[in-house]
Amino acid sequence: MESTDFPLYITLEKPYAKINRVYACIFFGAILGLVYYRILYMPTQGYLPWILLFCAELGFAFIWILDQTMRWRPVDRSTFPERLSNRFEMDLPPIDIFICTADPIKEPPIDVANTLLSTLAFDYPVERLSCYVSDDGGSQLTFYALFEASCFAKIWVPFCHKYSIQQRCPEAFFSEYHIDGIESLSFMEEWKTIKEMYEEMKYCINSVVERGTVPENKCKEHEGFKEWTSGMSSRDHPAIVQVLLEKGKDCDGEGHDLPDLVYVSREKKPGYPHNFKAGALNVLIRVSAVMSNAPYILTLDCDMYANNCKALREAMCFFMDPQTGHQFGYVQFPQRFHGITINDLYAGHLKKVYDIQFNGLDGIEGPLYGGTGCILRRDVLCGSEPHEFVDVSSSLIKQFIPSTYLSMQKASPSKRLDEGKDLARCHYEDNSLWGKKIGMLYDCAVEDVLTGFSIHCRGWKSVFYSPRRNAFMGCAPVTLNDTLNQNKRWATGLLEIFVSRFCPLTYGIRHTRLAENMGYSFFFLGAPSSLPLLCYGLVPALSMLSGLSVFPQISDPWFLLFVFLATSAYAYSAIELMYLGGASLRCCWNEQRVWMIRGVSSYLFALIQVISKLLGISKLGFEVTSKVFDSEATKRYQAEIFEFGVASELFIPFSVMALVNLMALMGGIAGVIRKGYPGVENMFLQLLLSSFIVINSYPIYEGMVGRKDKGSMPTCITIFSILAAVVACSMVSPIFEFRKRI
């Protein structure tokens with residue numbers, strides 16, 4: 001018989017960790033050589049581009065050093081769910097599942113329904129699961145979709161349990177699974193019947209959404225539809241809390257209980273700050289506290305369906321481990337995405353983050369909280385520290401929710417609707433610690449990362465766990481504009497944290513390890529990294545037009561140092577992505593191309609936004625990324641053709657940079673033809689760099705002049721970028737000549 005002392009998980013250092021350390025030491029030596037060269041050989045004339053490049057290189061070096069902390073000790077974790085079942089099957093803790101949606105137009109209700117159904121069917125004791133859906137748009141369309149899903153769940157959940165179905169998201173299951181070759185006649189009959197019922201449900205939901213109203217006959221099937229009255233809008237409506245499924249009352253087709261399902265739409269009124277997703281999650285924390293009050297909470301985005309039915313059990317292996325389980329505040333699963341092209345056109349898989357960097361943070365004190373696909377202890381969201389570990393049903397939650405509400409906890413969820421509505425009112429948090437010290441923290445566009453950082457600063461550790469079968473699957477943007485806007489929002493929020501009192505290099509250093517804070521700082525400083533990238537993308541090209549050499553000649557021994565730094569950095573990055581992330585060479589190319597585009601557009605605009613906020617010029621908002629299916633854009637995406645289409649200001653910086661380098665390359669080649677070999681020797685690295693940028697920018701040139709489809713670059717963006725590039729190229733020579741005379 002297996003000993004109860006055996007661990008429920010193991011942690012092993014990645015075998016390539018030592019190689020990372022050796023490479024880091026060699027590369028750091030090369031960086032020191034670069035600094036020495038820039039200082040020793042600074043020119044006495046035309047020194048402005050030299051200084052700009054030196055500052056950019058120092059910026060790159062600083063970011064690289066921060067990045068190396070996540071490569072020093074990467075780890076891999078494995079769980080033993082069988083041991084968990086053998087020891088704790090009857091004592092598995094309850095889990096509350098939070099699903100957030102905000103806009104039925106950008107986030108189709110059928111996607112919300114699929115995510116919900118995949119979680120209701122988890123391989124976990126039904127009596128210990130409760131699901132709460134936050135509809136921040138207060139839409140009757142979303143409520144209708146959940147109502148239809150709750151009806152379908154009564155046949156879908158027992159079907160999954162009966163046949164041990166692994167894929168429990170209906171849309172994904174019926175898209176991936178085929179019954180050819182299945183010998184079980186009963187399974188084939190049920191499969192066909194349930195598929196027909198799912199298609200009918202899907203048709204009903206999509207038809208209602210397209211029509212924009214719920215039919216009157218459907219409104220009579222649940223009293224919750226009465227909550228919607230004329231005059232309500234997404235920004236002005238009362239609190240709505242409705243129970244759609246209730247344990248002990250609603251059963252599946254075989255007479256077994258189903259998890260609780262509660263719809264929550266918090267009250268909204270003009271003039272009251274609603275704090276976006278963080279505010280919605282805090283309402284769910286309070287409402288769930290008086291209904292189920294599970295000690296663990298799973299947070300999911302509405303499009304991130306459960307892809308591994310055993311994911312909850314695997315997470316519990318960390319929390320319930322007898323030796324170290326008490327140290328962990330949350331378990332973060334990687335975000336994985338479906339529908340991405342073979343070569344990952346827009347680098348949507350985030351392979352570098354989830355296959356490399358998060359493993360490195362896991363070897364220190366744990367990864368960032370990503371906002372979705374994460375299981376947290378409820379008490380860490382109530383401000384607890386590891387040494388204060390207590391039963392959340394007692395002391396902690398009582399400090400922040402009136403005891404009169406908590407006294408109703410033993411009543412059924414349907415009898416606690418009034419208490420839930422009170423806790424979802426917009427003025428409930430006035431003059432309280434909610435959003436400041438309790439729950440999800442406010443005043444940040446990436447409230448999840450800020451909350452996770454505060455959890456780490458209170459002494460908790462976190463876990464990054466990537467199971468063999470992806471735990472959760474979501475959808476990534478299929479247009480360049482959506483991708484850049486999403487990255488701009490992330491970069492804006494992350495920089496906000498860095499310039500706040502939660503700066504890792506000041507506040508964090510007092511509470512967590514230096515390496516952990518350096519890892520956090522790498523992500524927080526994405527927006528400022530746009531400056532060295534923009535500088536390196538423009539200064540060498542403009543200098544070449546002015547005849548200024550900013551790199552060593554071919555015959556100079558220092559030439560080899562620059563060649564080593566450039567080739568080794570790109571080669572090592574590509575090897576990492578191919579070996580660790582399973583990426584193809586074309587995928588690696590797309591990764592670094594999108595890094596360049598994102599760096600000079602999303603990150604630059606994020607930097608400008610944060611500076612504007614700090615100066616009181618503007619306030620930051622929150623943009624929901626569209627998940628709506630566009631057939632034409634999707635076809636171009638699947639063909640791996642860049643999608644421009646809209647006149648977005650985000651397209652201007654990289655378009656200008658692409659055009660400047662094209663002009664500089666043409667001018668540089670003309671100079672080489674005129675001067676011969678001396679011209680090649682002086683400008684070789686600049687020619688090489690401009691050529692590299694031009695090759696990367698081929699989709700941009702194609703979008704400007706080589707395409708006639710709706711996804712091409714808008715004419716206004718093309719004209720403006722050409723004019724800006726011409727002005728930049730014509731003005732740089734006088735500026736540099738002026739510097740020479742000085």
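No experiment lies behind these values; they were computed from the predicted model shown. Per chain, residues are indexed from 1 in the order of the written sequence. Where local features are concerned, this predicted model is filtered to residues with pLDDT of at least 70; where side-chain atom pairs are given and counted, the filter is 80 or more; whole-chain, interface and lining totals use all residues. In computing side-chain values, all of the structure's heavy atoms are included and hydrogens and water are not.

### Describing the sheet that holds strand β8 (residues 305-306)
- We treat two strands as partners when DSSP finds at least two bridges between them. In this description a helix means any DSSP run of H or I spanning at least four residues, a strand means any run of E spanning at least two, and both kinds are numbered starting from the N terminus. The strand order β8-β13-β10 describes an open sheet built from three strands, whose pairing is mixed. The open sheet has two edge strands, β8 and β10 (336-338), and neither has a second partner.
- Bridge count for β8 against strand β13 (residues 472-475) is two bridges, and the pairing is antiparallel. Residue pairing across strands places Tyr305 opposite Met473, the latter belonging to β13.

### Here's the deal with the UniProt feature "transmembrane region" (unreviewed entry) in the chain
- UniProt positions are given in the numbering used here, feature names are shortened, and annotations may be inferred rather than shown by experiment. UniProt feature "transmembrane region" (unreviewed entry): in the numbering of this structure it lies at residues 21-41, 47-66, 520-539, 559-581, 650-672, 684-701 and 717-736.
- Note that residues 47-66 is 95% helix and 0% strand, and that its end C-alpha atoms are spaced 29 Å apart.
- Annotation note: span residues 520-539, helix share 75%, strand share 0%, distance between end C-alpha atoms 30 Å.

### Things to note about the UniProt feature "binding site: Mn(2+)" (unreviewed entry) in the chain
- UniProt feature "binding site: Mn(2+)" (unreviewed entry): in the numbering of this structure it lies at Lys277 and Asp301. The largest pairwise C-alpha distance within this set of annotated residues, which runs over 25 residues, is 10.0 Å, so the set is compact in three dimensions.
- Among the structural elements, Lys277 can be located in helix α9 (residues 276-289).
- Exposure classes here rest on a 1.4 Å probe applied to the protein chains alone. A residue is buried below 20% of its type maximum, exposed above 50%, and partly exposed in between. Overall, Lys277 belongs to the buried group, its relative accessible area being 16%.
- Not counting residues within four places of it along the chain, the set of residues in contact with Lys277 comprises Cys100, Asp301, Gly371 and Glu447. Residues are treated as being in contact if the distance between any of their heavy atoms lies within 4.5 Å.

### Focus: the side chain of Asn517
- With respect to the helices and strands, Asn517 occurs in helix α18 (residues 514-524).
- Whenever two N or O atoms come within 3.5 Å, that pair is a polar contact, provided that in protein one can donate a hydrogen and the other can accept it, and provided that, for residues adjacent in sequence, both atoms are side-chain atoms. A polar contact of 2.6 Å, which involves the side chain of Asn517, links it to the side chain of Thr512.
- Beyond its immediate sequence surroundings of up to four residues, Asn517 is in contact with Phe453, Pro504, Gly508, Ile509 and Thr512.

### Digging into the nonpolar core
- Here the nonpolar core consists of buried residues drawn from Ala, Val, Leu, Ile, Met, Phe, Trp, Tyr and Cys, with membership extended through side-chain atoms lying within 4.5 Å. Judged by nonpolar contacts, the single largest core of 207 residues is most densely connected at Phe122, Trp156, Phe472, Phe523 and Phe654.
- When near neighbours in sequence (up to four residues on either side) are disregarded, Phe654 contacts Leu480, Leu484, Ile597, Val600, Ser601, Phe644, Ile700 and Met713.
- Formed by six residues, the second largest nonpolar core is a distinct cluster that contains Ile356, Leu577, Cys587 and Cys588.

### Thoughts on the pairing of strand β6 (residues 260-265)
- Counting buried positions along β6 yields six of six residues, so the element is predominantly enclosed.
- Every second residue of β6 is oriented toward a common face, with Asp260, Val262 and Val264 on one face and Leu261, Tyr263 and Ser265 on the other, all of them buried.
- Relative to β6, strand β4 (residues 129-135) is paired through five bridges, and the arrangement is parallel. Each residue of the ladder has a partner; that of Ser134, found in β6, is Val264.
- Two elements, strand β5 (residues 240-245) and β6, share five bridges in a ladder whose sense is antiparallel. When the sheet's bridge partners are listed, Val243 is paired in β6 with Val262.

### Considering the environment of Gly667
- Within the fold, Gly667 resides in helix α24 (residues 651-675).
- The partly exposed category is assigned to Gly667, whose relative accessible area is 33%.
- Separated by 198 residues in sequence, Gly667 and Arg469 have C-alpha atoms that sit 52 Å apart.

### Brief notes about the pattern of salt bridges
- Any carboxyl oxygen of Asp or Glu within 4 Å of a side-chain nitrogen of Lys or Arg constitutes a salt bridge here. One pass over the full model with this rule turns up 31 salt bridges.
- For Arg336, the salt bridge goes to Asp355, with nearest N and O atoms at 2.9 Å. Pair noted here: Arg336 is in strand β10 and Asp355 is in helix α11 (residues 351-362), with a separation of 19 residues, a long-range link.
- Connected through shared salt-bridge partners, Glu632, Arg636, Glu643, Arg707 and Asp709 make up one network.

### Structural notes on helix α21 (residues 585-600)
- In this analysis, the expected span of each helix is defined as 1.5 Å times one less than the number of residues it contains. Counted at 1.5 Å a residue, the expected span for α21 with its 16 residues is 22 Å, and the 23 Å between its end C-alpha atoms agrees.
- Of all 16 residues in α21, 12 are buried, a share of seventy percent or more.
- Those residues of α21 lying buried are Cys587, Cys588, Asn590, Glu591, Gln592, Arg593, Val594, Met596, Ile597, Arg598, Gly599 and Val600.

### What to know about unusual backbone geometry
- Despite not being glycine, Ala347 shows a phi value in the positive range, around 55 degrees.
- The topology assignment puts Ala347 in the loop between β10 and α11.
- The phi dihedral of Asp443 is positive, around 60 degrees, even though this residue is not glycine.

### Some words on the packing of helix α5 (residues 140-162) against helix α7 (residues 185-211)
- Each axis is a line fitted through C-alpha atoms, and for a helix only the stretch in contact is used; angles between axes span 0 to 180 degrees, taken between their N-to-C directions. In the contact formed by α5 and α7, the axes pass within 10 Å of each other and the chain directions differ by 170 degrees. Accordingly, the angle class assigned to the pair α5 and α7 is roughly antiparallel. Here Leu141, Tyr144, Ala145, Glu148, Ala149, Phe152, Ile155, Trp156, Phe159 and Lys162 of α5 come into contact with α7, specifically with Phe187, Glu190, Trp191, Ile194, Met197, Tyr198, Met201, Cys204, Ile205, Val208 and Val209.
- Its residues placed into classes, the contact of α5 with α7 shows 18 nonpolar, no polar and three charged. Our angle categories are set so that under 35 degrees counts as roughly parallel, over 145 as roughly antiparallel, 65 to 115 as roughly perpendicular, and the remainder as oblique. Throughout this entry, Asp, Glu, Lys and Arg are counted as charged residues, while Ala, Val, Leu, Ile, Met, Phe, Trp, Tyr, Cys and Pro are counted as nonpolar. The remaining residues, Gly among them, count as polar.

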